[in-house]
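# Examination of the molecular architecture
One letter stands for each residue in the lines below.
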Amino acid sequence: MVASAIFITDLTGKPLISRNYRGDIPLTSAIEKFATYLVEVEDDDKKPVFHVDGNGDVVVETEEVGSTGPGGETFVYVQHNNLYLCGVTCKNSNIALLVTFLYKLAAVFKDYFGTLEEESIRDNFVVIYELLDETMDHGLPQSLDSTILRSFITQEGNRMADDSKSKPPVALTNAVSWRAEGIKHKKNEIFLDVVEKLNLLVAANGTVLHSEINGAVKMKSFLSGMPELKLGLNDKLMFEATGRANQARSGKSVELEDIKFHQCVRLARFENDRTISFIPPDGEFDLMTYRLDTHVKPLIWVEAVVEPHRGSRIEYMIKTRSQFKSRSVANNVEIIIPVPPDVDSPSFKSSVGSVTYLPDKDAVVWTIKQFHGGREYLMRAHFGLPSISREEADGEHKGGSGGMDTSWKKPIAVKFEIPYFTVSGIQVRYLKIIERSGYQALPWVRYITANGDYQLRMA
Amino acid sequence: LHSYRRRTMATFPPNRTSNMPVPGGPGGAPPPGAPPGASSSAGRDESYFTESRKGEVNELRMLLRTFATERDKQRKRDIMKKVIAYMTLGIDVSRLFTEMMLAIETRDLVIKKMVYLFLCNYAETHPDLAQMCTNTLVKDCGNEDPMVRGLALRSLCSLRLPQMIEYTSEPLRRSLQDGHAYVRKTGVMGILKMYHLNKEEFDKASFNDILYDMLRDPDSSVVTNCILVLNEIMADSGGMALNRAVMLHLLNRIHEFSEFGILSVLDLVPRYIPANDDEGFQIMNLLDPVLRTANAGAVVATIRAFLSIADAVGKRAGDDRDEDSPTVDDLKHQVVVRIKAPLVTLLASGSSELTYVLLKYVDQLIDLCPGIFDDEYRVFYVRYHDQSHIKHSKVRILAKLANPDNAPDIVAELGELVANVDEMMGRIAVQSMASIAMHDSGGQGAVESIARRLVEMLDLHGIPHISSEAATALASLVRRHPSIVSVVSAPLPRALKYISEPAGKASVIFLLGECGESIVEAPYVLEKVIDSYDSIADAAVKTALLGATVKLFFYRPPEVKNMLGKVLKKATEDVSSQDLHDRALFYYRLLRSSPDTNIAKSIVTSKSMTMSTKHFAEEDDSELRAALMHEFNTLCTIYRCKAENFIDEENIVKFVKVPKEHPLPREAPVTPVTDPGVNTNTNHMGGVAMADAPQQSVTTVPSTVSAEVDLLGFGDDLSAMSVPTPAPVGPASLQSLSLKSEVILNGEDYQNKWSSVPDAEAVIIPALAMSTGPTSTDGVEEPLKAFNVFTMASGELSTEFKFFLYGQEEDAYGGGFFLIQAVVSKAPFNLSLTIKPNGGDTNPTKRKEKIDQLVELIKSALGEYFP
């Protein structure tokens, strides 16, 4: 991958900061072209990778790339809050890598500034230049590990003093490139969060079209020295590999479909006997992510009956049911029901929780603070409709498309959080921490299941 | 962590920073008395970012003038920061160049960094002033702090001033030997910058060999940069020169690389042709764990590497390999099966930009191995919040995933999307549905049920673009499956009235012609259209009208005769479209000239329009797809376009695969070789058969000393021993070195002796230029034998000869062994030696002397090849 330049702009394409690594493209005009793209191309036609041909014209349709002959540049951009991070290249670069790089860069900035937005960019020009220089040299990616980068960055000069030499960045020459030596914590603790997000797509007729679990084991490590960690999960394949077929069969184990690890995990070891062993980086990181593509009973089920009476009113009857064990509780459940844009005078009746109408989002939100397992609740909503619907009013120039506009029939979305529970049934069996100095470290483990992309289509 | 955050949150303007105590910072205490004007209370100092007035730059200049006398470091830094902030905001502060450069002599690295930044930014516009700073930069390249050395070097190389080249090459050369990896890696990158600045000077400096040597650097980030740089400076000759030893050396170290560094190695793999099948599989096993990393770039690069290996080791048609070995297609199939789960995970967890890119890759992989992603079709269901380009990609992919099992689900899902508010989305959904029918991928009855759905859509007069799209789809479908005519015909006359889009209208008219036999009112609806011929703007509609009328004429001559005359007249007089005009004339002449209408009928109504293949000719892009597969994981995949069509010629790199042919016979046992000169670390990858080289290679060496021994398993036919070349005139004068004429050493001993000498003690003589080269290994072995340098093993590769040689001193001189690895590369001819002394003199200077003499001896023995 070769990036000619990297720049950051606000949402209108106004440049905030830029670095021209190779000098093989005119950067100022490139940024102008990017701004033109943002302004002139329809939102629906925008793509994260686009080409500007040799004449400087934006090629909107990817199929047309190359139709005006060779030359020009390709822009790759990712959005982060109210910013765009954009890379430009004039070579046939590896795009997956460039995108990953930009994400990673955003993560590094975020790590440094807390939040990454226009304000934090403006407040940190000098650090950003330093970071841009250390993460990429001459358009080729260098070090992107924020813990390691810290040893390079002079940020406010704290590490630098007239009377003391800057310490050479130890980690760079180290085999453990993600952890510096000599880390000390007063209290040796490690926090482990198993977070599972449930993606669900239910068709209007109630059949589950797609369900999958995206899990992550997140860690916050505050351990001194160079600790060796070993994590034991109730992984079915691990039980089988170690000859504990009984446990594998007993149903207490989980078959993880595809696992991805942080670079600190010894992959060969895992391939061999499925042991997860690693030296953790200091601070926060995602140890592993996994995916399960199993049929899951929707944890929170929602049924909606809608009765529109054209020109007068529309009535909703919403039924929701929690389909998990009664000792678990779902917190802060929000059921978001879309309604037509032109409704008025809302009235609600619900057996539990509170209901609010959000006109700016054209939706009704039914909030249930605590939703115990195995319960069922009902909510009714009633709205007035104007006597002439908006479609009819617009209908004239749409060539008689009246009645066909179903844009308000978005899917129902549900948000929830169930602590002390994992849908997949994954469990941490042990977390062993061994360090030369032999200190006792405390591991803390939490489980949580939350909604991912959780949608139920409305009939 | 906490204190860190506070530090990083310190912000412009300076009044805020100065109010914030900096924990653990140097100097500690806040500046005595806040600077005047910087004590403004809450909120932002707006003037900081408002448009500059000239006065402000002048104000800065005044501040900078006080710089030398300013004693407080924090205030100094704040002044600098202000300059940088102005620069970033696009205000031209280049007028401050002189003042800034006065500040370059500082011991404060923070200030230094900022001055360097300023310098790099304005050097191109102020070359003369910049040149004056060279001395400081060069001096800093020798600073005792590696951070400063690295920084100075990077800045020096980034000035982009061609006239500075002469100052850069020396510090660069020194940096490559630096004790600190940070400086070395910066130096390597500096070489690339020099290359782009001035190629001639770069050639003179001849850094290439050093870079190749540095591939053995103990620090992986240096190695990464070496690979990246070599690839770029060797782009004209197809990328970094690669041989088996280098490739395997890098692969054996792959676990040391950072998540981005690993990419540099992964990108080399597709260029390497494995020595034989087993080696190919070993490489795949070695790389397999990379698929578990969270870095999407690395995962995709691994996929590309796998596919390329499959290409190299798989069996092709006409291949004489044994029956059992898998074919290229089988292997690729296996590869795609293996990478499916990791890709799907990335898709499910990726953010929208990454998903967009990955969907393009998946699309291409499906084309490569149809059927593999079929069972994951639900992943490609459209989510409400997906961006429209992602929705579009998904819907196109869904059509390719259809098989008899899932087609009902997929078609139903597509049906849901047709009425989508996004017009494009609806169109693509219809096209995808049609494509399932066109490819017959839906199984029994699918074609008819899809046709029925399309007919329903034709009647969706509320959504004009869908009716039109459905009509177009049906027109294609009728050509592929003529049997659906009965399903299609009924609603056509109605549809003609309300379909307004030209493409759709043309399709309906075409269909009316095709189904003319079974639609009673066909001539009458067409007649109305003909009557309004002059108001039709679109040529496609007119052409369809002409075609349909002619066809209809043969089915029902009496009804259509008049219409035909009208339309032929209109069309022949129509000058708006050449094609239409010519067609009309053609039909006219055909009808007029054929005495028997049956001939004309057989021409016009022949069923040759019916397709027997699944594609239209213009859709068959197998050639393009194959070409794109070679450039998988680049922009080509995103754009579905070959690189030469959209990349400037000078920016195109055509990588060459090496070695050109299999150096090993396919049956030969694999003997993975790492360069013996390289000390590979213990292999974390466990279980992978890429062990250290010498142990393994030596097992194939018989214990007797013989020139035929094939140490590397290169498998050359060495049995035909040629007549020894005449011995040269006699050894050059030797004082302290005298070699025994008979040495007994077997392979194992050789091996032990080699590995007992640490690599650090090896003497490496790189690339002695030769005028010509030997034609076979004997050409080297025989002359050396005459000088008592013997061969343990040798072999020929396509690009080089390789020898493992040895010699022993006379006992009187110490009796030490010299183990030599000699490589004669073929193009251009040159000789590299790695010599390890074993036993004998321990005095380093004497040892050095002996080795020097040994080199001279080898050179004189091979005198015929040297100029």
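Residues numbered from 1 in each chain as written. Chains lettered and ligands numbered in written order. Predicted model: local features only at pLDDT ≥ 70, side-chain atom pairs only at ≥ 80, totals over all residues. Heavy atoms only, no water.

### Thoughts on the packing of helix H19 (residues 328–349) of chain B against helix H20 (residues 352–368) of chain B
Residues and elements named next belong to chain B. Here is the rule we go by: Angles here are taken between N-to-C directions and fall from 0 to 180 degrees, while the axes themselves are lines fitted to C-alpha atoms, restricted in helices to the stretch in contact. Helix and strand labels come from DSSP, where a helix needs a run of H or I of at least four residues and a strand needs a run of E of at least two; each type is numbered from the N terminus. Orientation is classified from the angle alone, with under 35 degrees giving roughly parallel, over 145 giving roughly antiparallel, 65 to 115 giving roughly perpendicular, and any other angle giving oblique. A clockwise turn of the near helix away from the far one marks a right-handed crossing, whereas an anticlockwise turn of less than a right angle marks a left-handed crossing. Every residue pair with non-hydrogen atoms within 4.5 Å of one another is taken to be in contact. Think of it as three bins: nonpolar holds Ala, Val, Leu, Ile, Met, Phe, Trp, Tyr, Cys and Pro, charged holds Asp, Glu, Lys and Arg, and polar takes everything else, Gly as well.
Interaxial distance between H19 and H20 falls to 11 Å at its minimum, and their mutual angle equals 160°. Classified by the interaxial angle, the pair formed by H19 and H20 is roughly antiparallel. By crossing handedness, the relation of H19 to H20 is classed as left-handed. Across the interface between the two elements, Lys332, Val336, Ile339, Leu343, Leu346 and Leu347 of H19 pack against Thr355, Leu358, Leu359, Val362, Leu365 and Leu368 of H20. Residues belonging to the contact of H19 with H20 are distributed by class as follows: ten nonpolar, one polar and one charged.

### Describing the sheet that holds strand E16 (residues 313–322) of chain A
Residues and elements named next belong to chain A. Convention followed: Should DSSP find at least two bridges between two strands, the strands are taken to pair.
The four strands lie next to each other as E15-E16-E21-E18, forming an open sheet whose pairing is antiparallel. Sheet topology places strand E15 (300–309) and strand E18 (344–350) at the edges, where each strand pairs with a single neighbour. Strand after strand, the sheet turns through a mean of 15° between neighbouring axes, direction not considered. Across nine bridges, E16 lies against strand E21 (residues 376–384) in antiparallel orientation. Opposite Ile318, over in E21, you have Met379 as the bridge partner.

### Looking at the interface of chain B and chain A
Interface size is commonly expressed as the accessible surface area that is lost when the partners come together. As a reminder, the rule being used: Simply put, the buried area is the total loss of 1.4 Å probe accessible area from both parts when two parts are fitted together. By convention in these notes, a salt bridge is any Lys or Arg side-chain nitrogen within 4 Å of a carboxyl oxygen on Asp or Glu. N or O atoms closer than or at 3.5 Å make up a polar contact, with two conditions inside protein: a donor-capable atom paired with an acceptor-capable one, and, for residues adjacent in sequence, both atoms drawn from side chains.
Contacts between chain B and chain A engage 115 residues on the former and 110 residues on the latter. Broken down residue by residue, the surface that chain B buries against chain A is led by Phe260, Arg292 and Arg383 of chain B, which jointly contribute 9%. For the pair chain B and chain A, the number of links is ten salt bridges. Put simply, Lys193 of chain B and Asp137 of chain A hold a salt bridge, and the shortest N to O gap is 2.8 Å. Here chain B and chain A share 36 residue pairs in polar contact (both at pLDDT 80 or more) between them. Counting residues per element, the side of chain B that touches chain A draws most heavily on helix H4 (residues 73–88) of chain B, at eight residues. Considering only residue class, the side of chain B that touches chain A consists of 57 nonpolar, 28 polar and 30 charged.

### Remarks on the side chain of Glu134 of chain A
Which entries qualify depends on this criterion: Only protein chains enter the accessibility calculation, which uses a 1.4 Å probe; a residue is then buried when its area is under 20% of its type maximum, exposed when over 50%, and partly exposed in between.
Here Glu134 of chain A lies in helix H4 (residues 125–135). We classify Glu134 of chain A as buried; its relative accessible area is 2%. Here Tyr182 of chain B takes part through its side chain, which lies 2.7 Å from a polar atom of the side chain of Glu134 of chain A.

### Concerning helix H23 (residues 423–438) of chain B
Count 3.6 residues to each turn of an α-helix, and residues three or four apart come out pointing the same way. Residues and elements named next belong to chain B. The cut-off we apply is this: Take the residue count of a helix, subtract one, and multiply by 1.5 Å to get its expected span.
Between its terminal C-alpha atoms H23 stretches 23 Å, which fits the 22 Å expected from 16 residues at 1.5 Å a residue. Within H23, twelve of the 16 residues are buried, which leaves it mostly tucked inside the rest of the structure. Within H23, burial applies to Met425, Gly426, Arg427, Ile428, Ala429, Val430, Ser432, Met433, Ala434, Ile436, Ala437 and Met438. Buried positions along H23 lie against helix H21 (388–401), helix H22 (407–418), helix H24 (446–458) and helix H25 (464–480). Measuring from the side-chain oxygen of the N-cap residue of H23 to the backbone nitrogen of Met424 gives 3.1 Å; that N-cap residue is Asp422. Following H23 by one or two positions, Asp440 adopts a phi angle in the positive range, close to 55°.

### Concerning the packing of aromatic side chains
All names here are of chain A. Convention followed: Within 6.5 Å between ring centres, the rings of Phe, Tyr and Trp (the latter by its six-membered ring) count as paired, and their orientation is classed by plane angle as stacked under 30 degrees, edge-to-face over 60, tilted in between.
One pass over the full model with this rule turns up 35 aromatic pairs over all chains. Considering the side-chain rings of Phe50 and Phe75, the 5.0 Å spacing of their centres and the 5° angle between planes classify their relative orientation as stacked. Pair noted here: Phe50 is in strand E3 (residues 49–52) and Phe75 is in strand E5 (residues 73–80), with a separation of 25 residues, a long-range link. By relative accessible area, which is 2% here, Phe50 ends up buried.

### A look at the pairing of strand E3 (residues 800–808) of chain B
Successive side chains on a regular strand alternate, one facing one side of the sheet and the next facing the other. Residue and element names in this part refer to chain B. Most of E3 sits out of view: nine of its nine residues are buried. Bridge count between strand E2 (residues 790–796) and E3: six bridges; the pairing is antiparallel. Paired with Phe790 across the two strands is Tyr806, which belongs to E3. In this antiparallel pair of consecutive strands, E2 and E3, the connection spans three residues. For E3 and strand E4 (residues 817–825), the ladder comprises nine bridges, and the chain directions are antiparallel. For Gly807, the partnering residue across the bridge sits in E4 and is Phe818.

### Points about a nonpolar patch on the surface
What counts here: For patch detection, residues must exceed 30% relative accessible area and be free of salt bridges, and they are connected within 9 Å for like charges or within 5 Å for nonpolar side chains (Val, Leu, Ile, Met, Phe, Trp, Tyr). In these tables, accessible area is a Shrake-Rupley quantity obtained with a 1.4 Å probe, and a residue counts as shielded only by the protein chains included in the view.
On the surface, a nonpolar cluster with roughly 280 Å² of combined accessible area is contributed by Phe586, Ile599 and Ile603 of chain B. As for its position among the elements, Ile603 of chain B is in helix H33 (residues 597–604).

### As for the confidence of the model for chain B
Residues and elements named next belong to chain B. For clarity, the threshold we go by: Confidence of the predictor at the level of single residues is given by pLDDT, which spans 0 to 100.
Across chain B, the average pLDDT comes to 77, with 82% of residues at or above 70. Here helix H1 (residues 2–9) stands out as the least confident element of chain B, with mean pLDDT 34; H21 is the most confident, with 92. Confidence drops under pLDDT 50 across residues 1–52; counting only partners more than four residues distant or on other chains, this segment forms 77 contacts. In this model residues 662–734 is a low-confidence stretch, pLDDT under 50, and it forms 155 contacts with partners more than four residues away in sequence or in other chains. Scored as a complex, the prediction yields pTM 0.73 and ipTM 0.78.

### Thoughts on the nonpolar core
Using the following cut-off: Definition used in this section: a nonpolar core is a set of buried Ala, Val, Leu, Ile, Met, Phe, Trp, Tyr and Cys residues joined via side-chain atoms within 4.5 Å.
Ile95 of chain A together with Phe118, Leu119, Leu251, Leu365 and Phe373 of chain B are the most contacted members of the largest nonpolar core, which totals 271 residues. Apart from residues lying up to four places away in sequence, Leu119 of chain B is in contact with Phe97, Met101, Ile104, Ala130, Cys133, Leu137 and Leu159 of chain B.

### Observations concerning the pairing of strand E12 (residues 258–261) of chain A
Residues and elements named next belong to chain A. What you see with E12 is no split at all: Asp258 and Lys260 on one side and Ile259 and Phe261 on the other are buried throughout. Summarising the sheet, E12 and strand E14 (residues 283–292) pair through four bridges and their orientation is antiparallel. Within the sheet, the bridge partner assigned to Ile259 lies in E14 and is Tyr290.

### Thoughts on the pattern of salt bridges
This model, assessed by the stated rule, comprises 55 salt bridges over all chains. Note that Lys91 of chain A and Glu232 of chain B form a salt bridge whose closest N and O atoms lie 4.0 Å from each other. Residue Lys91 of chain A is found in the loop between strand E6 (83–89) and helix H2 (95–113), and its partner Glu232 of chain B is found in helix H14 (residues 220–233); the two belong to separate chains. The exposure class assigned to Lys91 of chain A is buried, which follows from its relative accessible area of 13%. Exposure remark for Glu232 of chain B: the relative accessible area of 10% places this residue in the buried category.

### A word on the environment of Asp459 of chain B
Residues and elements named next belong to chain B. Looking at where Asp459 falls in the secondary structure, it is placed in the loop between H24 and H25. In the structure, Asp459 is positioned 35 residues away from Arg494 in sequence and 8.2 Å away in space, judged by C-alpha atoms. If sequence neighbours within four positions are ignored, Asp459 has contacts with Pro491, Arg494 and Tyr498.

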